[in-house]
Amino acid sequence: IKDYKKETIGFIEDFEYDSRGSYTLIYSYKVNNQNYKNTIGTSGFFGDNKRKGCVGCEFKVFYSSKNPNKSSIRLGKYETHKTTVEFGLFDD
């Protein structure tokens, strides 16, 4: 993503608890009129909208212009809740 980084807006669709005691955040985004979905691991949290995992909220998504399936959602003040490790993707 780092070398071919582009930006769009993503929408958090769902926030699921798994049997290992962690959560999966499911988000969608659109690139060139095509829809994409991705997931990240997080700890449990509530957003300002009082919903688990900020379901229904929009956040910045970075994706690879070479392969838009590769993406990372930026959760702003909730970024510390991510448990998925992302190495060297961003300069921001």
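Quantities reported herein were computed from a predicted structural model and do not represent experimental measurements.

(A) Structural context of the pattern of salt bridges. Enumeration over the complete set of coordinates arrives at four salt bridges. Note that Lys37 and Glu13 form a salt bridge whose closest N and O atoms lie 3.0 Å from each other. Placement of Lys37 in strand β3 (residues 34-42) and of Glu13 in strand β1 (residues 5-17) is noted, with a sequence separation of 24 residues between them. For Glu79, the salt bridge is made with Lys82, and the minimal N-O distance between the two is 2.9 Å. The exposure class of Glu79 is partly exposed, given its relative accessible area of 22%. Note on Lys82: relative accessible area 14%, which makes it buried. Because the salt bridges share partners, they merge into one network encompassing Arg74, Glu79 and Lys82.

(B) View of the pairing of strand β4 (residues 58-64). Extensive coverage of β4 is indicated by the burial of five of its seven residues. Pairing between β1 and β4: seven bridges, direction antiparallel. Counterpart to Phe11 in the pairing with β4 is Glu58. Between β4 and the antiparallel strand that follows it, strand β5 (residues 71-74), lie six residues.

(C) Region of interest: the nonpolar core. By size, the foremost hydrophobic cluster in this structure holds 19 residues, and its most contacted members are Ile12, Leu25, Phe59, Ile73 and Leu75. Looking at this core element by element, the count peaks at five residues for strand β2 (residues 23-31). If we ignore the near neighbours within four places in the chain, the residues touching Leu25 are Ile12, Asp14, Phe15, Asn38, Thr39, Ile40, Thr42, Phe45, Gly53 and Leu75.

(D) Structural context of the confidence of the model for the protein chain. The share of residues in the protein chain with pLDDT of 70 or more is 93%, and the mean pLDDT across the chain is 91. β2 holds the highest mean pLDDT among the elements of the protein chain, 97, whereas β5 holds the lowest, 94.

(E) A look at the packing of aromatic side chains. Taken as a whole and assessed by the stated rule, the structure comprises eight aromatic pairs. Aromatic side chains Phe15 and Phe45 sit 5.6 Å apart centroid to centroid with 75° between the ring planes, which places their arrangement in the edge-to-face category. Remark: Phe45 occurs in the loop between β3 and β4 and Phe15 occurs in strand β1; sequence separation between them is 30 residues. By the burial criterion, Phe15 is buried, and Phe45 matches it. Ring pairing ties together the aromatic residues Phe15, Tyr17, Tyr23, Phe45, Phe59 and Tyr78, which thus form one cluster. One Lys or Arg, Lys5, reaches over the ring of Phe62 and ends 4.7 Å from the middle of that ring.

What counts as what
Residues numbered from 1 in each chain as written. Predicted model: local features only at pLDDT ≥ 70, side-chain atom pairs only at ≥ 80, totals over all residues. Heavy atoms only, no water. Salt bridge = Lys/Arg side-chain N within 4 Å of Asp/Glu carboxyl O. Helix = DSSP H or I, 4+ residues; strand = E, 2+ residues; numbered from the N terminus. Buried < 20%, exposed > 50% of the residue type's maximum accessible area, 1.4 Å probe, protein only. Pairing = 2+ DSSP bridges. Core = buried A, V, L, I, M, F, W, Y, C linked by side-chain atoms within 4.5 Å. Contact = heavy atoms within 4.5 Å. pLDDT = per-residue confidence, 0-100. Phe/Tyr/Trp six-rings, centres within 6.5 Å; stacked < 30°, edge-to-face > 60°. Lys NZ or Arg CZ within 6 Å of the ring centre and 35° of its normal.

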